[in-house]
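Each chain, letter by letter, is given below.
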Amino acid sequence: MNKAWAIAALAFLAGCGRVPYELYQCPEPLKITDCKKEGSWVLCTFENTGQVSISRLSTAWAYDDSGVMMSNRAVLTQDIRPGQRKRLDVMVENNPSKVVICTVDPSHPYVAERVTRVR
């Protein structure tokens, strides 16, 4: 019995900190780094790399394995000044396989071909 608990605990700890989906971003003046699962949330650092403050919300667009959009939730990226960094949650539901952070619909042809993976 103790061995089973130890294996379960190790499996849980191995999953801590890993983002449970592929994360992408649109070509915007917003750099996303240092994403980690913390409890039931995924937190990332968002940095404004532009010359003006960000005045709009971003959206976390969640997709399943076949590319069907499952949900879209706001990410509170407004009011980040140039050069400023903020640690924000990326809240999604339904266990997606891919999430794209974008202020516009990432399926738009002009945007879709410029989406990049967050490392």
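Calculation rules
Residues numbered from 1 in each chain as written. Predicted model: local features only at pLDDT ≥ 70, side-chain atom pairs only at ≥ 80, totals over all residues. Heavy atoms only, no water. Phe/Tyr/Trp six-rings, centres within 6.5 Å; stacked < 30°, edge-to-face > 60°. Lys NZ or Arg CZ within 6 Å of the ring centre and 35° of its normal. Pairing = 2+ DSSP bridges. Helix = DSSP H or I, 4+ residues; strand = E, 2+ residues; numbered from the N terminus. Buried < 20%, exposed > 50% of the residue type's maximum accessible area, 1.4 Å probe, protein only.

## Structural notes on the packing of aromatic side chains
What the rule picks out here adds up to 0 aromatic pairs. Taking the ring centre of Tyr24 as reference, the NZ or CZ of Lys98 above it sits at 4.9 Å. The ring of Tyr110 has Arg114 sitting right over it, with the charged end atom 3.9 Å from the ring centre.

## Some words on the sheet that holds strand E1 (residues 22-25)
In a beta sheet, neighbouring strands pair by backbone hydrogen bonds and run either parallel or antiparallel. If you trace the 5 strands from one edge of the open sheet to the other, you get E5-E4-E7-E1-E8, paired in mixed fashion. This sheet does not close on itself; its edge strands, each paired only once, are strand E5 (69-75) and strand E8 (116-117). Pairing between strand E4 (residues 58-63) and strand E7 (residues 98-102): 5 bridges, direction antiparallel. Its bridge partner being in E7, Tyr63 is matched across the sheet by Lys98.

## So, unusual backbone geometry
Positive phi, normally seen in glycine, also occurs at Asp34, with a value near 50 degrees. Residue position: Asp34 is located in strand E2 (residues 30-38). Classification of Asp34 as partly exposed rests on a relative accessible area of 36%. With phi around 65 degrees, Asp79 is a residue other than glycine that occupies positive phi space.

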